[in-house]
Structure formats: C-alpha cells, structure tokens
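Observations on the three-dimensional arrangement
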Amino acid sequence: MRTGLIRHSQYMEFLRSVPSFQSLTEDVLSKVADVLEATHYRDGDYIIRQGATGDTFFIISEGQVKVTQQTSANEEPVFLYTLSKGDWFGEQALKGEDVRTASVTAVGDVTCLVVDRESFKQLIGGLENVSSRVNDSDEVKGKIEAEAAFFSM
Ligand code: CMP
C-alpha cells in the first residue's frame, strides 16, 4: 500500500463525508484512499484547461476552485461556478471522449485528491449522481469536438 496508515484513515474519514459518496461501501472508499494522489495548487493555478485532454478526477479536500467556460474561440471565458471542499470535478472528460469541457483554477491554496481514469471507472464512475451530472458542458463538449474534427480535416 502506497498510502501510510494514518493518512489512509484521514482520507477515509474525509471521503465518507463527501455527500456524493454516501452510497460507496467502506471497501470501495478504502480502495479510493489507496489510489488517490493529494495535489496542491496555489492561487490562480490552472488545475484543468478547457480543450485539453485529461484522464483524472478531482475531489477538493481544501480550498476553493473556480469553473470557467469559453463557448467560442473569440469570446472571454464565462464564470460558471465556485466549488469547495467536498465537491468534485473532472468527470466529464472521463465519460468517453477525453476533452476537458471547462477550465478550473485555484482560488487561494487548494488541495485536491486526484483519482486516475481506471480507478475512477472501477470505483466511482458508476455512481448515479456522478455519472449523470448534467450540465451545459455536454453541449460545449459537442462544439469542441466538432471544432477539433473540423480542424483535423
Ligand atoms: P471536465 O470536462 O473533465 O473538466 C472540467 C470540469 O468542470 C468538468 O469535467 C466538470 O467537472 C466541471 N464543469 C464543467 N461544466 C460545469 C458546469 N456547468 N457546472 C459544474 N461543473 C462543471
């Protein structure tokens, strides 16, 4: 096991408190705690860039992040949401196509627990409230993919 015992139980305790993970068993939470990587960011750091490819899922364990989205190439990004401790993001790129549908930046110091695609798929992706979060990004994702397809012709 990569994670030390004390840290592992701290992660477990935190993961248990995440509302969306209420239906996960102790066994699954324990596996998530085994594989996650804690990653730190400073104010203004890009955690995710819209349009990039990505294969990681993030759970905020400290701090706040800002989600912004650019709907067309020559427009300013639009502020969508502030997410904070216990919120998660990055699931869209793991739902098939791997394109990030929005940018996510740190607001102050942030710690995220990061889960890779394979573990996400096995442990978390099946959760109804994670896999079916509907947001405008599905539409934007379509546009990004259409644009990418157009430019690769
Ligand atoms: P992903 O596309 O992988 O990377 C950017 C993330 O921002 C995305 O996954 C979602 O988790 C999050 N996101 C995108 N659009 C919205 C939205 N409208 N509301 C909340 N979160 C969003």
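Residues numbered from 1 in each chain as written. Predicted model: local features only at pLDDT ≥ 70, side-chain atom pairs only at ≥ 80, totals over all residues.

1. Concerning the overall build of the chain
For clarity, the threshold we go by: What counts as a helix is a DSSP run of H or I of at least four residues, what counts as a strand is a run of E of at least two, and both are numbered from the N terminus. Here a residue counts as buried when 20 or more other C-beta atoms sit within 10 Å of its C-beta, as exposed when there are 12 or fewer, and as partly exposed otherwise, the C-beta atoms being derived from the backbone. Working definition of a contact: two residues with C-beta atoms, positioned from the backbone, lying within 7 Å.
Helices and strands together make up the secondary structure of the chain, namely 5 helices and 6 strands. Secondary structure elements of the chain, listed N to C terminal, follow the sequence α-α-β-β-β-β-β-β-α-α-α. Burial analysis of the chain (153 residues in total) assigns 25% to the buried set. Counting contacts in the chain only where the partners sit at least 6 residues apart, residues at least 24 apart contribute 76% of the total.

2. Here's the deal with the environment of Val-114
Tracing the backbone shows Val-114 in strand S6 (residues 103-116). Taking the C-alpha atoms as reference points, Val-114 and Ile-59, 55 residues apart in sequence, are found 6.5 Å from one another. The residues touching Val-114, leaving out its near neighbours within four places in the chain, are Leu-36, Glu-37, Thr-39, Thr-56 and Phe-58.

3. Some details on the pairing of strand S3 (residues 56-69)
Filter applied, for reference: A pair of strands is considered paired only if DSSP assigns at least 2 bridges between the two.
As judged from the 11 bridges shared by S3 and S6, these two strands associate in the antiparallel manner. By the bridge assignment, Val-65 is partnered in S6 with Ala-106. Summarising the sheet, S3 and strand S4 (residues 78-84) pair through 6 bridges and their orientation is antiparallel. Looking at the pairing, Gln-69 lines up with Val-78 of S4.

4. Quick notes on the nonpolar core
Selection rule: By definition, a nonpolar core groups buried Ala, Val, Leu, Ile, Met, Phe, Trp, Tyr and Cys residues that are joined through C-beta atoms within 7 Å.
The biggest cluster of nonpolar side chains holds 29 residues, and the ones touching the most others in it are Val-32, Ile-47, Phe-58, Val-65, Val-104 and Cys-112. The set of elements that each furnish at least two residues to this core consists of helix H1 (5-17), helix H2 (26-35), strand S2 (46-48), S3, S6 and helix H3 (117-124). Discounting chain neighbours no more than four positions away, the residues touching Val-65 are Ile-47, Ile-60, Leu-83, Val-104, Thr-105, Ala-106, Val-107 and Val-110.

5. What to know about the packing of H2 against H3
The criterion, for reference: Between N-to-C directions, angles cover 0 to 180 degrees, with each direction set by a line fitted to C-alpha atoms, over the stretch in contact for helices. Should an angle lie under 35 degrees it is considered roughly parallel, over 145 roughly antiparallel, and from 65 to 115 roughly perpendicular; all remaining angles are considered oblique. Under the convention adopted here, Pro, Cys and the residues Ala, Val, Leu, Ile, Met, Phe, Trp and Tyr are nonpolar, Asp, Glu, Lys and Arg are charged, and Gly plus all remaining residues are polar.
Running from amino to carboxyl end, H2 crosses H3 at an angle of 170°, the nearest separation of the two axes being 10 Å. In terms of orientation, H2 lies roughly antiparallel with respect to H3. Together, Val-28, Lys-31, Val-32 and Val-35 of H2 and Ser-119, Leu-123 and Ile-124 of H3 make up the contact between the two elements. Here the contact of H2 with H3 is built from residues that sort into 5 nonpolar, 1 polar and 1 charged.

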